[in-house]
Amino acid sequence: MNYIQTQNVKAQKGRDASDIYIPLAGAAIGNGWIDPMYQYSAQDAAYGYGLIGKSQQRALEAEEVKCRTDLANGKYVSDTCFDLLNQVISNSQGRHSQYVVS
């Protein structure tokens, strides 16, 4: 069970008579930060969905290695990391077709 499911169960079923009732229909985490070592990786998914070609995937893999090196060295504000997803979007085949990738 993940964090959101656990939170929902507690809000709905885990309360006792002294708790405040919360009429909960759903919950989500907006822009959740889980694991930066893997969260910046987008090229495999983009290649798998046909948004970028093999050469673009390889180029982005090289940039991801640089990103992971930055993160391993404690550099969490890294232009290399921040730019990975932007590169997927700007290099996607959707940019020049009827499909919008954003």
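Preceding this section is the structure that the text describes.
These numbers come from a predicted model, not from an experiment. (Residues numbered from 1 in each chain as written. Predicted model: local features only at pLDDT ≥ 70, side-chain atom pairs only at ≥ 80, totals over all residues. Heavy atoms only, no water.)

1. A word on the overall build of the protein
Working step 1: Helix and strand counts for the protein stand at five helices and zero strands.
Working step 2: Listing every helix and strand of the protein by position from the N terminus yields α-α-α-α-α.
Working step 3: Burial statistics for the protein: of 102 residues in total, 21% are counted as buried.
Working step 4: Across the protein, contacts joining residues at least 24 apart in sequence account for 46% of those joining residues at least 6 apart.
Working step 5: For the protein, the accessible surface area stands at approximately 7,600 Å², while carbon and sulfur atoms represent 54% of it. (Helix = DSSP H or I, 4+ residues; strand = E, 2+ residues; numbered from the N terminus. Buried < 20%, exposed > 50% of the residue type's maximum accessible area, 1.4 Å probe, protein only. Contact = heavy atoms within 4.5 Å. Areas by Shrake-Rupley, 256 points an atom, 1.4 Å probe, with all protein chains shown as cover.)

2. Comments concerning the packing of aromatic side chains
Working step 1: Scanning the model with the defined rule gives one aromatic pair in all.
Working step 2: The ring of Tyr47 carries Lys54 above its face, with NZ or CZ at 4.9 Å from the centroid. (Phe/Tyr/Trp six-rings, centres within 6.5 Å; stacked < 30°, edge-to-face > 60°. Lys NZ or Arg CZ within 6 Å of the ring centre and 35° of its normal.)

3. A few points about the packing of helix 4 (residues 54-72) against helix 5 (residues 79-91)
Working step 1: Between helix 4 and helix 5, whose axes approach to 9 Å, the crossing angle comes to 165°. Considering the angle they form, helix 4 stands roughly antiparallel to helix 5. The chirality of how helix 4 crosses helix 5 is left-handed. Where helix 4 abuts helix 5, its residues Gln56, Leu60, Glu63, Glu64, Lys66, Cys67, Asp70 and Leu71 lie against Thr80, Cys81, Leu84, Gln87, Val88 and Asn91.
Working step 2: Its residues assigned to classes, the contact of helix 4 with helix 5 comprises six nonpolar, four polar and four charged. (Axes fitted to C-alpha atoms, helices over the stretch in contact; angles between N-to-C directions. Parallel < 35°, antiparallel > 145°, perpendicular 65-115°, else oblique. Left-handed = near helix turned anticlockwise from the far one by under 90°. Nonpolar A, V, L, I, M, F, W, Y, C, P; charged D, E, K, R; others polar.)

4. Some words on the state of the cysteines
Working step 1: For the structure shown, the criterion picks out one disulfide.
Working step 2: Covalently, Cys67 is tied to Cys81 through a disulfide, its sulfur atoms 2.0 Å apart. In this structure the cystine formed by Cys67 and Cys81 twists about its S-S bond by roughly 110°; its chirality is therefore right-handed. Separated by 14 residues along the polypeptide, Cys67 in helix 4 and Cys81 in helix 5 bring together distant segments of the chain. Pair check on accessibility: Cys67 and Cys81 agree, each one buried. (Disulfide = S-S within 2.5 Å.)

From the geometry alone we can't say anything about function, so treat these as descriptive.
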